[in-house]
Amino acid sequence: RAKASGGNHFHFYAAAMGTHAHRHLRLETGLQRGLLREEFVLHYQPQVDIASGRIVGLEALLRWQPRGGDMVAPSDFIPLAEETGLIVPIGEWVLATALRQQARLESMGLAPLRMGVNMSARQFREDDVAGMVARLLRESGCSPSCLTLEITESVLMENPAQAAETMARLAQMGVRLSIDDFGTGYSSLANLRRLPIHSLKIDRSFVADIGAGVERGGEAGEAGAGGAIVQAVIALAGTMKLDVIAEGVESAAQQAFLGEHGCRQMQGYWFSRPLPAPQLERLLQAHGAGAQP
Ligand code: C2E
Ligand code: MG
Ligand code: MG
Ligand code: MG
């Protein structure tokens with residue numbers, strides 16, 4: 001087909017690739033400069049224990065605010081940062097900043113129990129990740145048990161032996177490991193059992209489907225396919241004696257459904273959006289340490 005339509009297509013593809021490559025390069029340069037100019041910032045989203053209504057953890061989420069430009073969402077720059085390896089220094093900045101914030105909250109008497117930090121597969125592949133984490137923990141003065149590293153199933157699949165070793169070292173230090181977006185990857189349960197994992201995070205696409213079930217005319221608490229997956233993940237976590245936390249909770253119906261099926265920890269716009277540090281501190285201050293959002 002491409003052959004038959006002749007040279008015009010070639011020009012079309014070349015032009016499209018040129019634009020793409022150009023955009024890539026601009027973005028890459030921008031990211032590099034962003035790191036030097038301190039254009040990155042973390043927002044923090046509360047994680048709530050439903051039984052007590054308390055904020056028991058935070059998740060640090062990266063934001064990029066280029067000078068003179070609009071805020072860029074992680075989905076628009078993290079893939080490229082991973083591809084180019086820039087995620088390694090950026091990720092180190094994220095961890096250092098999140099731990100500094102945790103230490104600050106502790107000194108203010110406002111710290112929730114745990115700080116969650118996302119770590120991509122590319123970062124996890126670096127030599128001596130555990131050593132880097134240990135150093136940043138030491139520099140912050142935070143206890144390793146306050147840190148939860150959120151990794152995705154892709155980490156476990158890309159290089160299982162190395163990932164297992166790194167996870168073992170982190171777990172020995174007392175750092176907690178959580179599998180993010182659980183259910184969207186293809187990790188084997190047999191493999192999961194052997195790894196020192198503390199919690200599963202139910203992906204928000206499954207949580208979103210709970211609402212869809214209700215909107216289709218079912219009763220509150222009823223759910224579609226997503227609801228069935230949510231139930232399965234909660235049951236699995238129970239069997240494996242892991243904590244389970246739901247992300248992307250946006251409604252009372254979703255909270256009710258999750259709660260009825262035994263999920264105690266939740267995170268989502270229904271409780272709070274991710275907040276810049278000053279707003280987070282005001283929230284924690286207003287409601288008392290560990291209190292309701
Ligand atoms: P994630 O780790 O699964 O984070 C949850 C995402 O869901 C966040 O998007 C959060 O803002 C969003 N979210 C939370 N509650 C709700 C809700 O109720 N409804 C909806 N629709 N969304 C909700 P965000 O901040 O855009 O981050 C997207 C992804 O980018 C993250 O997914 C994570 O994979 C990655 N990411 C973010 N920060 C970092 C980082 O510092 N390092 C690395 N390696 N990845 C990061
Ligand atoms: Mg996460
Ligand atoms: Mg997630
Ligand atoms: Mg997610």
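Residues numbered from 1 in each chain as written. Chains lettered and ligands numbered in written order. Predicted model: local features only at pLDDT ≥ 70, side-chain atom pairs only at ≥ 80, totals over all residues. Heavy atoms only, no water.

- Named according to an unreviewed UniProt entry, the chain is Diguanylate cyclase DosC originating from Massilia forsythiae.

1. So, the layout of surface pockets
- In this structure, the largest pocket spans a volume of roughly 1,000 Å³.
- Lining the largest pocket we find 38 residues, and of these E59, L61, P74, N118 and D180 sit closest to its centre.
- Going through the elements one at a time, strand 2 (54–64), helix 2 (74–84), helix 3 (87–107), helix 4 (121–124), strand 4 (147–152), helix 6 (153–158), strand 5 (176–182) and helix 9 (204–215) are the ones with two or more residues in the lining of the largest pocket. (1 Å grid on protein atoms, 1.4 Å probe; cavity = no way out; pocket = protein on both sides within 12 Å on 5 of 7 lines; lining within 4 Å. Points joined across faces, edges and corners; volume = space filled by probe spheres on them. Helix = DSSP H or I, 4+ residues; strand = E, 2+ residues; numbered from the N terminus.)

2. Focus on the coordination of the magnesium ion (ligand 3)
- Within the protein, the atoms that donate to the magnesium ion (ligand 3) are D180 (OD), D181 (OD), E247 (OE) and E247 (OE), at distances of 1.9 to 2.8 Å.
- Read in sequence order, the donor residues coordinating the magnesium ion (ligand 3) give the pattern D-D-x65-E.
- The magnesium ion (ligand 2) is placed at 3.8 Å from the magnesium ion (ligand 3), the two being bridged by D180. Taken together, the residues D181 in strand 5 and E247 in the loop between strand 7 (243–246) and helix 11 (252–260) connect sequence positions 66 residues apart. (Donors = N, O, S within 2.8 Å, 3.2 Å for Na, K, Ca; no water.)

3. Brief notes about the site of ligand 1
- Within the structure, ligand 1 sits among 22 residues, and R63, N118, R204, E250 and Y269 are positioned closest to it.
- Residue R63 places a side-chain N or O atom 2.8 Å away from an oxygen atom belonging to ligand 1.
- The contact in question runs from an oxygen atom of ligand 1 to an N or O atom on the side chain of D180, over 2.8 Å.
- Starting from 800 Å² of accessible surface for ligand 1 in isolation, the protein chains cover 84%.
- Spatially, ligand 1 is embedded in the largest pocket.
- Mapped onto the shell around ligand 1, the elements with two or more residues apiece are strand 2, helix 2 and strand 5. (Near = heavy atom within 4 Å. Polar contact = N/O pair within 3.5 Å; in protein donor to acceptor, adjacent residues only side chain to side chain. Areas by Shrake-Rupley, 256 points an atom, 1.4 Å probe, with all protein chains shown as cover. Sits in = over half its atoms within 2 Å of the grid points.)

4. Looking at empty space enclosed by the protein
- Per the stated rule, a full pass over the model turns up three cavities of 30 Å³ or more.
- Computed from the structure, the largest cavity encloses a volume of approximately 160 Å³.
- Forming the walls of the largest cavity are 15 residues, and the residues nearest its centre are Q47, R114, T148, S199 and Q265.
- A total of three residues in the lining of the largest cavity trace back to one element, the largest contributor, which is strand 2.
- The residue inventory of the lining of the largest cavity, partitioned by class, reads three nonpolar, seven polar and five charged.
- Within this model, the second largest cavity holds a volume of roughly 50 Å³. (Nonpolar A, V, L, I, M, F, W, Y, C, P; charged D, E, K, R; others polar.)

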